[in-house]
Amino acid sequence: MRPPTHFGNDITNTEANGDDQQNNNNNNNNNGGGNGGNNNNNHADHIVERLTQMGATINFPKVAGRGIIRVVERCDDAKENNNLDLSECELIQVPDAVYHLMRHTELKTCDLSSNVITKISPKFAVKFSLITDLNLSHNQMARLPDELADLHSLEMLDISHNSFITLPAVVFKMPKLRELKANNNAIIDIDRDEIIASDSLELVDLRHNPLTPMCHDLLKHAVLSFRIELSERVKEDWEDLTECE
């Protein structure tokens, strides 16, 4: 998945390239698939027009591709099962159109994993205040907004496989958070006063993070009301030299 470059406010990591689309249509026609290609384009155009008419403030490329279709279809599914799955949609953010489509739905879970999201809007907690499970894994985030503390029903949060260098302070302000997955980040240190003060946590997964030796040892031997999962720390070369002295 390529990182976003110049997609502006498009809701997906999709470029509008009229020449490429024309070539694809020509190929479809040559292969006897012209009608299918036209149907797909008409479907995409219909969805873009529908979202624009509903008040979406995001700019959509004329040739939206399958990304927008996938987002809208999954929003429609969420209206039936209250579980919004926007994983692998090439999103660079949660589009305003999604908040608009979900405005009458009380979501219970939200999966935004495996996109290229760099940040979550503060209004996420207002629009999806009742969710109990939030999956933000496999994105490009390094921080979370303080407003996520208003997710009073959230019990499980997955921020693994991102770019966090420290645990966001807001995770310790979520009153019902039981399980936090923060493995496979770039976390170096943790504010131990905050983590010890949490009353709701049962499990914090910190495996595969480059914790400092002091932080690793403190967490490993800390007496807490919840379990912390840590990877075995591999000593640096300079540590072995120090012991030899």
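Our structure is the block above this text.
So, a few notes on the structure that sits alongside this text. (Residues numbered from 1 in each chain as written. Predicted model: local features only at pLDDT ≥ 70, side-chain atom pairs only at ≥ 80, totals over all residues. Heavy atoms only, no water.)

**Side note on the nonpolar core**
Part 1: One finds Leu-84, Leu-112, Phe-124, Leu-144 and Leu-157 to be the most contacted residues of the largest nonpolar core, which totals 52 residues.
Part 2: For this core, the secondary-structure elements that each account for two or more residues are α3 (66–81), α4 (96–101), α5 (124–127) and α7 (213–221).
Part 3: Setting aside its immediate chain neighbours within four residues, Leu-157 contacts Leu-134, Leu-136, Leu-144, Val-171, Met-174, Leu-177, Glu-179, Leu-180 and Lys-181. (Core = buried A, V, L, I, M, F, W, Y, C linked by side-chain atoms within 4.5 Å. Buried < 20%, exposed > 50% of the residue type's maximum accessible area, 1.4 Å probe, protein only. Helix = DSSP H or I, 4+ residues; strand = E, 2+ residues; numbered from the N terminus. Contact = heavy atoms within 4.5 Å.)

**So, the packing of aromatic side chains**
Part 1: Tallied over the entire structure, the rule returns two aromatic pairs.
Part 2: Geometrically, the ring pair formed by Tyr-99 and Phe-128 is tilted, given 5.4 Å between the ring centres and 45 degrees between the ring planes. Taken together, the residues span a long stretch of sequence, with Tyr-99 in helix α4 and Phe-128 in the loop between α5 and β3 (133–135) at a distance of 29 residues. Comparing Tyr-99 with Phe-128, the two get one shared label, buried.
Part 3: Among the aromatic residues, those joined into a ring-pair cluster are Tyr-99, Phe-124 and Phe-128. (Phe/Tyr/Trp six-rings, centres within 6.5 Å; stacked < 30°, edge-to-face > 60°.)

**Some details on the sheet that holds strand β6 (residues 203–205)**
Part 1: Within the open sheet, the seven strands sit side by side as β1-β2-β3-β4-β5-β6-β7. Their pairing is parallel. What marks the edges here is a single partner per strand, and that holds for β1 (83–85) and β7 (227–229). Adjacent strand axes in the sheet meet at a mean angle of 5 degrees when their direction is disregarded.
Part 2: As paired elements, β3 and strand β4 (residues 156–158) share three bridges and run parallel to each other. (Pairing = 2+ DSSP bridges. Axes fitted to C-alpha atoms, helices over the stretch in contact; angles between N-to-C directions.)

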